[in-house]
Structures are given as structure tokens and as C-alpha cells.
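# Summary of the model geometry
Take a look at the letters that make up each chain.
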Amino acid sequence: MRRLRYWADMGDGRGYRRVSETVRATRREADALLARRRVEHDADRPVPSLAEVWQTWVRPTLERRVADGEISKGTLQHYDVAWTKHVGPRWGAKPVSTVRRADLQDWFDGLTHGQADMSRIVIRHIYDECELRELCDGSVGRYPYRMPRAGQTRDKGIWTLDELGRIWQASRGTYLEPWLILSAFGGPRVGESLGVRKDDVWLWDDGPVPVAVVPIVRQAGRDGEVTERLKTQWSSHAAVVPGPLGARLAGLCEGAGDAWILPGRRPEQPIKRELLRTRFDSLVGSAGVPRHPLRN
């Protein structure tokens, strides 16, 4: 007599569990029968959905990578948007073993280039985790799918020095002015400029012209959250604004304490990116110059 033990769902309502079966057989016959039972019940093993893999393993892993400085918080926010708006609603309830490449390709074809590209990254993370845990074949996430063609070419226009001067004049005396001077004439990225506190700014006046010096050591995200992790390891630098505008910037920031250079509706955070974009577009309109994206 031989006892066989294997995992199976016997259809009795008790679910996937360890099963014991006693057979009259030689050792070799028992080994062969056990191998056959395992093959017969291989499909019984419960397979998680894409949502379960995302929530249980992928999302926590990405959070740890943010904490360890491997990826930025902004990158995780992009993944969250792709999951919440696109991947989750369409694929979240699907068992990971049931998603076919052809179905994914058809779905990608109906998205914009940006939506499809970010969704593909999220799906790849999910299936990499599945392969690591031997839940299913992970190649469905790595397949070189055809991405939709990019839409309208991104506006790459920039303002002339004269146009920037007109935008500054439109901002003069408003709460936007210190940030505008830094952004237009000091050159930091949008998030970097919003991560500046007024007491970070100091004036160097030992040369032929005064120079406002602004250490860029942190950045603000889309919702005003601040981190000291910049876009790359080389991003930390000093932005400089020379001449009269530099002196103006330093004067506007002097004695203002640790207030943000452009505070939001909650004083403990800088302005949110969407609100800044609206205010900036209005400023550009009042200056009578062409509109270009804020990042330009």
C-alpha cells in the first residue's frame, strides 16, 4: 500500500487543498501515478487576479523602491494613474494566467501613445512578479507590443528674452513674482523651483553685478508634496540669477523666513502643479505673449 499526497480541488466545495490517496501499487507505479495526479490537477491551483498581484506585491515593492531612492515618487504616481485609469478597470479582475497577448495588443491599439506606454510598464511589473512567484508565464508582460503612434507633436516653443521680460512685468508686485524670476531666469525644472524656500535665496554682491544664488536641493510633486530626492543624482545645483533681477529676487525673499517661494492654499505645502499651470497661463495671457507649456 502506498499513500499519495498532492494538492488538488476535488470539486467537493472544500477548495484547493492537500489531498491524500491510498493505492495498492509498487513504488515505481505509485511514483508514476503521483506524477499523473499532479498533472491532472495542475490547473486546480488558484491563480490571483492582476489586481491582487498589483495590490499585494507590486505596489508595496514600488513603495519600497521609492523609500530606497531607486525611483522617484513622481514615477510611482505615474504608475498609479496608469493602474487606476486604464489597467485596473480593464484587466484588474482577470486571473493573470488568462490574459492573452492578442487581447492586450487590441487594447493598446485603443489607447493614446502615452496611455499605452505607461500601462505597458505597469503590466510588465505585474507579470515579472508573477514569473518570480511561479504563478504563470511572465513573457506576456515583456512581449514587444506595437504602441500607438504618438499624437500631435509636443509644443517645444520657448520665449524670447524680451517676451520673458514682459511676463515678469505682468507678474511684478504679485505673489508669483519671486517664483517667476527664478523659473524664467534661473533655469530650474518646475518641480525644483517649487521646492525652494525663500530663506534658501541669498545675494552674492562681491562681483561686478549682484547675483541671487538659489540652492536646488529638493523638489515638489504634482500635489505639492516635497521630497529631497531630485530627478537624477546630478540634479542638485545652485540656480543663479544675475543683475538687477537677481537683486530683486533676493529682496523679495529677504526676511520672509522659511515660507515657500510660491506657497499653496495650505501654507505647509507649495502650490499644486495644476493650479500653478492655470495661474501661469493667465499671466502669459495678460503679458500678451505666445502661450507655451509651463515646463518650457
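Residues numbered from 1 in each chain as written. Predicted model: local features only at pLDDT ≥ 70, side-chain atom pairs only at ≥ 80, totals over all residues. Heavy atoms only, no water.

With that out of the way, let us pick up the sheet that holds strand β4 (residues 211–216). If you trace the three strands from one edge of the open sheet to the other, you get β3-β4-β7, paired in antiparallel fashion. Lying at the two open borders of the sheet, with one neighbouring strand each, are β3 (202–204) and β7 (237–242). Taken pair by pair, the neighbouring strands of this sheet meet at an average axis angle of 35°, ignoring direction. Sheet strands touched by helix α8 (residues 177–186): β4 and β7. Its angle to β7, the strand with the most contacts, is close to 100°. The sheet contacts of helix α10 (residues 243–253) involve β3, β4 and β7, and relative to β7 the element is tilted by about 115°. (Pairing = 2+ DSSP bridges. Helix = DSSP H or I, 4+ residues; strand = E, 2+ residues; numbered from the N terminus. Axes fitted to C-alpha atoms, helices over the stretch in contact; angles between N-to-C directions. Contact = heavy atoms within 4.5 Å.)

All right, on to the side chain of E177 then. Its place among the elements puts E177 in helix α8. Polar side-chain contacts of E177 include one of 2.9 Å to the side chain of W168. Polar side-chain contacts of E177 include one of 2.7 Å to the side chain of R248. Non-local contacts of E177, meaning those with residues more than four positions away in its chain, are made with W168, S171, R172, R248 and L252. (Polar contact = N/O pair within 3.5 Å; in protein donor to acceptor, adjacent residues only side chain to side chain.)

Below, the discussion takes up α8. Of all 10 residues in α8, seven are buried, a share of seventy percent or more. Regarding α8, the residues found buried are E177, P178, W179, L180, I181, L182 and G186. The secondary structure elements touched by the buried residues of α8 are α7 (161–171), α9 (190–194), β4, β7, α10 and α11 (273–287). In the stretch just after α8, G187 is the one whose phi turns positive, near 85°. (Buried < 20%, exposed > 50% of the residue type's maximum accessible area, 1.4 Å probe, protein only.)

So, on to the pattern of salt bridges. One pass over the structure, following the stated rule, counts 14 salt bridges. Here D80 and R59 are joined by a salt bridge, their closest N and O atoms 2.7 Å apart. With D80 in helix α3 (residues 73–91) and R59 in helix α2 (residues 50–67), the pair connects residues that are 21 residues apart, well separated along the chain. Here R65 ties to E70 by a salt bridge, and the two come within 3.1 Å at their closest N and O atoms. By relative accessible area, R65 is classed as partly exposed at 27%. Because the salt bridges share partners, they merge into one network encompassing R59, E63 and D80. (Salt bridge = Lys/Arg side-chain N within 4 Å of Asp/Glu carboxyl O.)

Averaged over the protein chain, the pLDDT score is 87; the fraction of residues at 70 or greater is 92%. Mean pLDDT per element in the protein chain: strand β1 (residues 2–9) is the minimum at 76, and α8 is the maximum at 96. (pLDDT = per-residue confidence, 0-100.)

Moving on: a positive patch on the surface. Together, R3, R5, R18 and R38 line one region of the surface with positive charge. Tracing the backbone through its elements, the reader meets R5 in strand β1. (Patch = residues over 30% accessible without salt bridge, like charges linked within 9 Å, V, L, I, M, F, W, Y side chains within 5 Å. Areas by Shrake-Rupley, 256 points an atom, 1.4 Å probe, with all protein chains shown as cover. Lys, Arg positive; Asp, Glu negative; His and termini not counted. Charge placed at Lys NZ, Arg CZ, Asp CG, Glu CD.)

Once that is clear, we can look at the packing of aromatic side chains. Under the definition given, this model contains seven aromatic pairs. Their ring planes at 15° and their centres at 5.3 Å tell us that W54 and W83 sit as a pair that is stacked. Taken together, the residues span a long stretch of sequence, with W54 in helix α2 and W83 in helix α3 at a distance of 29 residues. Measuring from ring centre to ring centre gives 6.0 Å for W179 and F280, while their planes differ by 85°; the resulting arrangement is edge-to-face. With W179 in helix α8 and F280 in helix α11, this pair connects stretches of sequence that are 101 residues apart. For the pair W179 and F280, a shared accessibility class is recorded, and that class is buried. Among the aromatic residues, those joined into a ring-pair cluster are W91, W107, F108, Y143 and Y145. (Phe/Tyr/Trp six-rings, centres within 6.5 Å; stacked < 30°, edge-to-face > 60°.)

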